[in-house]
Amino acid sequence: MGQTLDWGKRYLMVAPDHFRVDYEINPFMHLADQPDPAATRAEWDAIAAAITAAGGEVEVLPQRADAPDMVYAMNLGFALEGPVGPEVVLSHMRFPQRRMETETAEAWFGEHGATVRRIGAQGVGAHFEAGDAFAWRGDLVVGYGPRTDRLALKHLAIDLDVRVHGLHTVHPGMYHLDLAFCPLDSERALVCPSALDENSASRLLDLVPEPLVLSEAEAMTFCANSVVVGSTVIMPACPDRVRARLEAWGFEVVVVPVPEFVKGGGAIRCLTNPLDVTLGRDLVTGRGQVLVG
Ligand code: ARG
């Protein structure tokens, strides 16, 4: 087994006080298929309990009544534990229906002592949704296409002083990278190549020494939309083949089904935003650089 991830112990979650499907901005959302509030709450509680049981911590932000998708806390911004304290790059959501979430996120991170940045603060207007961004082996891996603009990659590289690997997402059902990629430890990750164009798929596979390659059908169970707390993988679903490999690698698999949240197009990673991510900003090479295509 590689070394356990040095992040993934502390999460921000948004209490599902106003979760609804008020509009359709991904292929899973249907106005006619509304989440049940009691079942929603039970699923959310089960995720928080699983994180705590695995040794993690959960901080809770109340949900704005006018922001039904705010439960998907991963999209509020990309948070980091920087060298001099917490930092966040707030999302600039693709769809106006979600943009008010950023104001609440800005206030919360500010109150929690974070250095707050907005992507494209100079009015460039690049969209960035943090569900597309992952720290991976000292660099940032960022999906672009359906939600995040390619232009955002340069802002991230410069603002965070890191190397960014941009991956072009082409699968409409895997519209955020967190539906197709999940770091497991320092060497291993779940990877679904069919989310990406050919070039990006092979670049992502090159970045992961030991990938657990998911078929498109496996990824569409949302199994990559999982969180890893130490050696525990908390998953909304886990195909048998994937479970066997994870267990052979020494991970404990905890399945917490979240069918109500899948009605909004998200699962466990989308509902949780790690606050303790660190990046290799002490690297000498590659800082501020973007690698695409
Ligand atoms: N309804 C939300 C949207 O389409 C779901 C967000 C899922 N979040 C994620 N990190 N993949 O924006």
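Here, the structure is the one placed above.
Everything numeric in this text was worked out from a predicted model, so none of it was measured. (Residues numbered from 1 in each chain as written. Predicted model: local features only at pLDDT ≥ 70, side-chain atom pairs only at ≥ 80, totals over all residues. Heavy atoms only, no water.)

Notes on the sheet that holds strand E2 (residues 57–61)
Alright, step 1. Taken together, the 3 strands give an open sheet; going across it, the order is E2-E1-E15, and neighbouring strands pair in mixed fashion. Looking at strand neighbours, the two that pair on one side only are E2 and strand E15 (273–274), the edges of this open sheet.
Alright, step 2. In this structure, strand E1 (residues 10–14) lies alongside E2, joined through 5 bridges in parallel fashion. Within the sheet, the bridge partner assigned to Val14 lies in E2 and is Leu61.
Alright, step 3. With respect to the sheet, helix H1 (residues 37–53) is in contact with E1 and E2, its orientation differing from that of E1 by roughly 170°. (Pairing = 2+ DSSP bridges. Helix = DSSP H or I, 4+ residues; strand = E, 2+ residues; numbered from the N terminus. Contact = heavy atoms within 4.5 Å. Axes fitted to C-alpha atoms, helices over the stretch in contact; angles between N-to-C directions.)

A short note on the sheet that holds strand E7 (residues 139–144)
Hydrogen bonds between backbone groups are what pair the strands of a sheet, and the pairing can be parallel or antiparallel.
Alright, step 1. Spatially, the 4 strands line up as an open sheet ordered E6-E7-E8-E16, and their pairing is mixed. Of all strands in the sheet, those bounded by a partner on one side alone are strand E6 (133–136) and strand E16 (290–291).
Alright, step 2. Pairing geometry for strand E8 (residues 164–168) and E16, over 2 bridges, is parallel. The partner of His165 across the bridge, within E16, is Leu291.
Alright, step 3. Strand contacts of helix H3 (residues 150–160): E7, E8 and E16, with the helix running at about 160° to E7, the strand carrying the most contacts.
Alright, step 4. Contacting E6, E7, E8 and E16, helix H4 (residues 198–207) runs over the sheet at an angle of about 140° to E8.

Some remarks on the site of the ligand
Alright, step 1. Taken together, the neighbourhood of the ligand is formed by 16 residues, with Arg98, His176, Asp178, Gly264 and Cys270 sitting nearest.
Alright, step 2. The side chain of Asn26 places a nitrogen or oxygen atom 2.8 Å from an oxygen atom of the ligand.
Alright, step 3. One of the side-chain N or O atoms of His176 is found 2.7 Å from a nitrogen atom in the ligand.
Alright, step 4. Out of a free accessible area of 350 Å², the ligand has 100% covered by protein chains.
Alright, step 5. Here the residues of the shell around the ligand are counted per class, giving 6 nonpolar, 6 polar and 4 charged. (Near = heavy atom within 4 Å. Polar contact = N/O pair within 3.5 Å; in protein donor to acceptor, adjacent residues only side chain to side chain. Areas by Shrake-Rupley, 256 points an atom, 1.4 Å probe, with all protein chains shown as cover. Nonpolar A, V, L, I, M, F, W, Y, C, P; charged D, E, K, R; others polar.)

Quick word on unusual backbone geometry
Alright, step 1. A positive phi angle is found at Arg137, which is not glycine, with a value near 50°.
Alright, step 2. Among the structural elements, Arg137 can be located in the loop between E6 and E7.
Alright, step 3. For Asp161, which is not glycine, the phi torsion reads 60° and is therefore positive.
Alright, step 4. Owing to a relative accessible area of 27%, Asp161 belongs among the partly exposed residues under this scheme. (Buried < 20%, exposed > 50% of the residue type's maximum accessible area, 1.4 Å probe, protein only.)

Comments concerning H1
Alright, step 1. Helix length check: H1 (17 residues) gives 24 Å between terminal C-alpha atoms against 24 Å at 1.5 Å per residue, within 8%.
Alright, step 2. When H1 is considered as a whole, its buried residues turn out to be Thr40, Glu43, Trp44, Ile47, Ala48, Ala50 and Ile51. When H1 is viewed along its axis, its buried side chains cluster within an angular range of 160° and face the same direction. Among the exposed residues of H1, those pointing more than 90 degrees away from its buried face are Ala38 and Ala53.
Alright, step 3. On its buried side, H1 packs onto E1, E2, strand E12 (227–229), strand E13 (232–235), strand E14 (252–255) and helix H7 (259–262). (Expected span 1.5 Å × (residues − 1). Arc of directions from axis to C-beta.)

Things to note about the environment of Val242
Alright, step 1. As for its position among the elements, Val242 is in helix H6 (residues 240–248).
Alright, step 2. Here the alpha-carbon distance between Val242 and Glu218, two residues 24 residues apart in the chain, equals 8.5 Å.
Alright, step 3. Ignoring any residue separated from it by four or fewer positions in sequence, one finds Val242 in contact with Leu190, Leu212, Leu214, Glu218 and Met235.

Regarding the pairing of E7
Alright, step 1. For E7, the tally of buried residues reaches 6 of 6 residues, placing the bulk of the element in the interior.
Alright, step 2. Across the two faces of E7 the burial is the same, with Asp139, Val141 and Gly143 and Leu140, Val142 and Tyr144 all buried.
Alright, step 3. Two elements, E6 and E7, share 4 bridges in a ladder whose sense is antiparallel. Counterpart to Ala135 in the pairing with E7 is Leu140.
Alright, step 4. In textbook terms, the turn of a hairpin is the stretch between consecutive antiparallel strands, and for E6 and E7 this stretch comprises 2 residues, one of which, Arg137, has a positive phi near 50°.
Alright, step 5. Of the pairings in the sheet, the one linking E7 to E8 comprises 5 bridges and is parallel in character. Within E8, the position partnered with Val142 by the bridge is Gly166.
Alright, step 6. Following the backbone out of E7, through H3 and into the adjacent parallel E8, one traces a crossover that is right-handed. (Right-handed = clockwise from strand over helix to strand, strands pointing away.)

Overview of H4
Alright, step 1. Taken residue by residue, H4 has Ser200, Ala201, Arg203 and Leu204 as its buried positions. Down the axis, H4 shows its buried residues gathered within 165° of arc, on one side only. Seen from the buried face of H4, the exposed residues on the opposite side, beyond 90 degrees, are Glu198 and Asp206.
Alright, step 2. Residues of H4 that are buried sit in contact with E7, E8, strand E9 (181–183), strand E10 (188–191) and E16.

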